[in-house]
Amino acid sequence: LTGQVTGSDKADITVKLEQSQATLKGVAGTAKFIKKDRLLDKGNTIVLEGVEFTLYQCSLDGKKTETSLGTYTSDSFGGVQFGSETEPLAYNTLYCFKETGLPDKLKDQYVADTTTKRYFILFSQSADDSLKQSYLNNIKAQYGVDAEYGVDEVSLQDVFNDKKPTVASVEITAAKKLNGGDP
């Protein structure tokens, strides 16, 4: 979808509007999300293309080792998918990812969040509830986070960037009125 978003800015901007997860089809062994801007205009959001993320495999042996598995870039719909039909993510394995770069066209507009890590794990359909809970408890104990999870695939919560604050200048003119006369 394309449309116009108007606001307090001096000019209208053309944007692509996207419903969450609308363009990503489920594939076993994958995790996916949409990268978005927070826009307070009637609840609509702008998807962000070209944002880079690094995916890590995280150990569950108490050492908290993170091994980089590569970088992924959001597509024209803001979609990012880890894993594929031909190279699926492993089951019962903890993964985390973080934003590692903004494209040049977004660097002046958005604040990059290069510190927040998001954790997730995939379970196979044969994994019973006690096994899942054991993994989730272990992740919570070692990393102090509640990992997102799914069976065969996981649709992660959308990831947002905040706009950089707009600098505004204000000119104030003050005059003092003396004894009822002109200033």
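Being a predicted model, the structure only gives us computed values, none of them experimental. Here the residue numbers are simple positions, counted from 1 along each chain's written sequence. A pLDDT threshold of at least 70 governs which residues receive local features in this predicted model, and a stricter bar of 80 or more applies before side-chain atom pairs are shown or counted, although totals over entire chains, interfaces and linings include all residues. The side-chain numbers reported here are obtained from all heavy atoms of the structure, hydrogens and water having been left aside.

Overview of the packing of aromatic side chains
The way to describe two aromatic rings as a pair is by their centre distance and the angle between their planes.
Phase 1 of the analysis: Only Phe, Tyr and Trp rings take part, Trp by its six-membered ring, and two of them pair if their centres are within 6.5 Å. Stacked means planes under 30 degrees apart, edge-to-face means over 60, and tilted covers everything else. According to the stated counting rule, one finds 12 aromatic pairs in the structure shown.
Phase 2 of the analysis: Judged by centre distance (4.8 Å) and plane angle (90°), the ring pair of tyrosine 72 and phenylalanine 82 falls under edge-to-face. Note that tyrosine 72 is positioned in strand β6 (residues 66-73) and phenylalanine 82 in strand β7 (residues 79-82), a separation of 10 residues in sequence.
Phase 3 of the analysis: With centroids separated by 6.3 Å and ring planes inclined at 55°, the aromatic side chains of phenylalanine 97 and phenylalanine 120 adopt a geometry described as tilted. Here the residue phenylalanine 97 occupies a position in strand β8 (residues 94-101), and phenylalanine 120 occupies one in strand β9 (residues 118-123), the gap between them amounting to 23 residues.
Phase 4 of the analysis: Working definition: with a 1.4 Å probe on protein chains only, accessible area under 20% of the residue-type maximum means buried, over 50% means exposed, and in between means partly exposed. On the accessibility criterion, phenylalanine 120 (0% relative accessible area) is buried. Every helix listed is a DSSP run of H or I at least four residues long, and every strand listed is a run of E at least two residues long, numbered separately from the N terminus.

Points about the environment of glutamate 87
Phase 1 of the analysis: Mapped onto the secondary structure, glutamate 87 falls in the loop between β7 and β8.
Phase 2 of the analysis: Along the sequence, glutamate 87 and glycine 29 sit 58 residues apart, while their C-alpha atoms lie 8.0 Å from each other.

Observations regarding the pattern of salt bridges
Phase 1 of the analysis: Each salt bridge in this description consists of a side-chain nitrogen of Lys or Arg and a carboxyl oxygen of Asp or Glu lying within 4 Å of one another. The final tally for this structure, using the stated rule, is 9 salt bridges.
Phase 2 of the analysis: Put simply, aspartate 104 and lysine 107 hold a salt bridge, and the shortest N to O gap is 3.3 Å. Remark: lysine 107 and aspartate 104 occur in helix α1 (residues 104-107); sequence separation between them is 3 residues, near one turn of the helix.
Phase 3 of the analysis: Overall, the relative accessible area of 63% leaves aspartate 104 in the exposed class.
Phase 4 of the analysis: Put simply, lysine 140 and aspartate 146 hold a salt bridge, and the shortest N to O gap is 3.5 Å.

Side note on the environment of leucine 136
Phase 1 of the analysis: Relative to the elements of secondary structure, leucine 136 occurs in helix α2 (residues 129-143).
Phase 2 of the analysis: Each C-alpha atom of the pair leucine 136 and leucine 94 lies 9.5 Å from the other, and the pair is 42 residues apart in sequence.
Phase 3 of the analysis: Every residue pair with non-hydrogen atoms within 4.5 Å of one another is taken to be in contact. Excluding its chain neighbours within four sequence positions, the residues that come into contact with leucine 136 are Ile121, Phe123, Ala147 and Tyr149.

Topic: the state of the cysteines
Phase 1 of the analysis: What counts as a disulfide here is a pair of cysteine sulfur atoms lying within 2.5 Å. Counting across every chain of the model gives 0 disulfides.
Phase 2 of the analysis: For the unlinked cysteine cysteine 58, the closest cysteine sulfur is that of cysteine 96, found at 3.1 Å.

Things to note about the nonpolar core
Phase 1 of the analysis: Residues grouped as a nonpolar core are buried Ala, Val, Leu, Ile, Met, Phe, Trp, Tyr and Cys residues, joined through side-chain atoms within 4.5 Å. Counting 19 residues, the largest nonpolar core has Phe33, Phe53, Phe82, Leu89, Phe97 and Phe120 as its most contacted members.
Phase 2 of the analysis: Elements represented by at least two residues in this core include exactly β3 (30-41), β5 (52-58), β7, β8 and β9.
Phase 3 of the analysis: Look past the residues within four positions of phenylalanine 82 in its chain and what remains in contact with it is Gly29, Thr30, Ala31, Phe33, Phe53, Leu55, Tyr72, Leu89, Phe97 and Phe120.
Phase 4 of the analysis: Judged by nonpolar contacts, the second largest core, of 12 residues, contains Tyr56, Leu94, Tyr119 and Ile121.

As for α2
Phase 1 of the analysis: For α2, built from 15 residues, the straight-helix expectation of 21 Å at 1.5 Å per residue is met to within 8% by its first-to-last C-alpha distance of 21 Å.
Phase 2 of the analysis: By the burial criterion, the buried members of α2 are Lys132, Leu136, Ile139, Gln142 and Tyr143. One side of α2 carries all its buried residues, which in axial view fall inside an arc of 135°. Exposed residues pointing more than 90 degrees away from the buried face of α2 are listed as Ser130 and Ala141.
Phase 3 of the analysis: At its buried positions, α2 is contacted by β5, β6, β8, β9 and β10 (148-151).
Phase 4 of the analysis: At the exit of α2 stands glycine 144, carrying a positive phi of roughly 70°. Multiplying one less than the number of residues by 1.5 Å gives the expected span of a helix. The arc refers to the directions leading from the helix axis to the C-beta atoms.

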